[in-house]
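One letter stands for each residue in the lines below.
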Amino acid sequence: MNKRNRTKGCVAVKSVRKLSLPQIYPEIRDTLNLNCCGDPDCGNYGVAPDFIHQSFVGRNAEERKQKAFEANPSLGRGRGKYTITGDKDAQVVSTALEYSKDPRQCEDGKSLVCHHQQANHDCNVSFSVLSNKHFEEEIDRLITQNGILEGPVCGHCGARYLEQPGDFVFNGTHGKIPAGKNGRKAKPAGFRVVHKPCKGKAGARFTVSLDHQQQEKMHDNVRLLRALVNGASITALRKLLADPDTGKKCGVERVYNRIFWLEKHYWLLSGQN
């Protein structure tokens, strides 16, 4: 609330009409939707709200609801069921544009809550409402500027090391990170690799930094960044990066290494703009 409203209390403030979930739900892009449950074990993981089957109102609503749930049992377990919540502590008063002479109070920081049934209780994972469009633009920015997520490429054909690590062979080390405190041993700063299909050609031999050498796939980095943007837990990230063949979860240390790598390179890039 602005200072005038807070100190004198003499300005009448109206409330902005509350919007429903369908009204505020962001556009879903072709390959991306941030606004769904982020728990990989939940039935609503990656599932957008079902605005048709989760809102039965009017005449014979209960009867229609029962028929829908009988025809599709997953609806009865809350598939696509979310509610919108507001933060009462984040109420603000707008005096901009059309509200310059008629202040309006509204809640900021809308969140969605997942209501998929897990055992005998709701999932209750809560997440912020985010713009898919803006996130895709940020991913494109990170990839195209200095190759932050793209990683090193073969100088001859452009093959990406992170997409096809099996096509590259080790060819020595480059540089050195000196020994440090707490018994840390000296180690190479990077590794020289050769792209096997282009061996002997200009640009086929290049250096991969230690950071990039520890990242296996650009796709995993993008998935990790997407999950982090919407507040995924370390447990959820381990499940997300699990081996698709064995189901073995990614180690905690590995998850943190990836997070630190993304954080360092993201801020390096942000500082250049």
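Being a predicted model, the structure only gives us computed values, none of them experimental.

J.: I'd like a description of the environment of Gln-118, backed by residues and values.
T.: As for its position among the elements, Gln-118 is in strand β6 (residues 117–118). Judged by its relative accessible area of 23%, Gln-118 is partly exposed. C-alpha of Gln-118 to C-alpha of Gly-78: the two residues are 40 residues apart in sequence and 9.4 Å apart in space. Those residues in contact with Gln-118, other than ones at most four positions away along the chain, are Asp-39, Cys-42 and Cys-123.

J.: Break down the pattern of salt bridges for me, citing the residues and quoting the values.
T.: If charged atoms from side chains of opposite charge come close, those side chains can pair. Here the structure, examined in full by the defined rule, presents two salt bridges. Here Lys-239 makes a salt bridge to Asp-41, at a shortest N to O gap of 2.2 Å. Taken as a pair, Lys-239 in helix α8 (residues 234–240) and Asp-41 in the loop between α2 (21–24) and α3 (61–71) lie far apart in primary sequence, 198 residues in all. The salt bridge involving Glu-63 is made with Lys-67; its shortest N-O contact spans 3.4 Å. With Glu-63 and Lys-67 both in helix α3, this residue pair falls four residues apart, about one helical turn. Take Glu-63: its relative accessible area is 44%, and that puts it in the partly exposed class.

J.: How would you summarise the nonpolar core if you had to cite specific residues and measurements?
T.: Generally speaking, nonpolar side chains in soluble globular proteins are found buried as a group. Core analysis: the biggest nonpolar cluster contains 15 residues, and Phe-135, Leu-224, Leu-225, Leu-237, Val-255 and Leu-262 have the highest contact counts within it. The set of elements that each furnish at least two residues to this core consists of α5 (132–144), α7 (218–229), α8 and α9 (252–270). Of the residues forming this core, the biggest block, four residues, is contributed by α9. Beyond its immediate sequence surroundings of up to four residues, Leu-237 is in contact with Leu-224, Ala-227, Leu-228, Ala-232, Val-255 and Ile-259.

J.: Tell me about α3, and name the residues and values.
T.: Taken together, the buried positions of α3 are occupied by Ala-61, Ala-68 and Phe-69. Seen end-on, α3 carries its buried residues on one side only, within an arc spanning 95 degrees. Among the exposed residues of α3, those oriented more than 90 degrees off its buried face are Lys-67, Glu-70 and Ala-71. Along its buried surface, α3 packs onto α4 (73–76).

J.: Which residues make up the sheet that holds strand β8 (residues 126–128), and what values do they have?
T.: On the basis of which strands lie adjacent, the open sheet formed by three strands has the order β2-β5-β8 and antiparallel pairing. Only two strands of the sheet have a single partner each, and these edge strands are β2 (82–85) and β8. Ignoring which end each strand starts from, the neighbouring axes of this sheet average 30 degrees apart. By the bridge criterion, four bridges tie β2 to strand β5 (residues 111–114) in an arrangement that is antiparallel. Bridging across to β5, Thr-85 finds its partner in Ser-111.

J.: Give a detailed account of the state of the cysteines, specifying residues and quantitative values.
T.: Think of a disulfide as a covalent bridge from one cysteine sulfur atom to another cysteine sulfur atom. Applying the stated criterion across every chain yields a total of zero disulfides. Cysteine Cys-123 is unpaired, with the sulfur of Cys-37 as its nearest cysteine sulfur at 3.7 Å. By relative accessible area, which is 15% here, Cys-123 ends up buried. With no disulfide of its own, Cys-154 lies 3.8 Å from the sulfur of Cys-157, the closest cysteine sulfur.

Quick notes on the rules
- Residue numbers here run from 1 along each chain, matching the order of that chain's written sequence.
- Per-residue local features are limited, in this predicted model, to residues with pLDDT of at least 70; the limit for side-chain atom pairs, both in listing and counting, is 80 or more; totals at the level of whole chains, interfaces and linings are taken over all residues.
- Note: side-chain values were computed over all heavy atoms of the structure, leaving out hydrogens and water.
- Here a helix means four or more residues in a row that DSSP labels H or I, a strand means two or more in a row labelled E, and each is numbered from the N terminus.
- A simple rule labels every residue: compare its accessible area, found with a 1.4 Å probe on the protein chains alone, to the largest value its type can have, and call it buried under 20%, exposed over 50%, or partly exposed in between.
- We call two residues in contact whenever any of their non-hydrogen atoms come within 4.5 Å of each other.
- Salt-bridge detection follows one rule: a side-chain nitrogen of Lys or Arg within 4 Å of a carboxyl oxygen of Asp or Glu.
- By nonpolar core we mean a set of buried residues, namely Ala, Val, Leu, Ile, Met, Phe, Trp, Tyr and Cys, connected to one another through side-chain atoms within 4.5 Å.
- Here the arc refers to the directions that run from the helix axis out to each C-beta atom.
- Here, any two strands with at least 2 DSSP bridges between them count as paired.
- As a rule, the C-alpha atoms of each element are fitted with a line to give its axis, helices using only the stretch in contact, and angles between N-to-C directions run from 0 to 180 degrees.
- Criterion for a disulfide: a pair of cysteine sulfur atoms within 2.5 Å.

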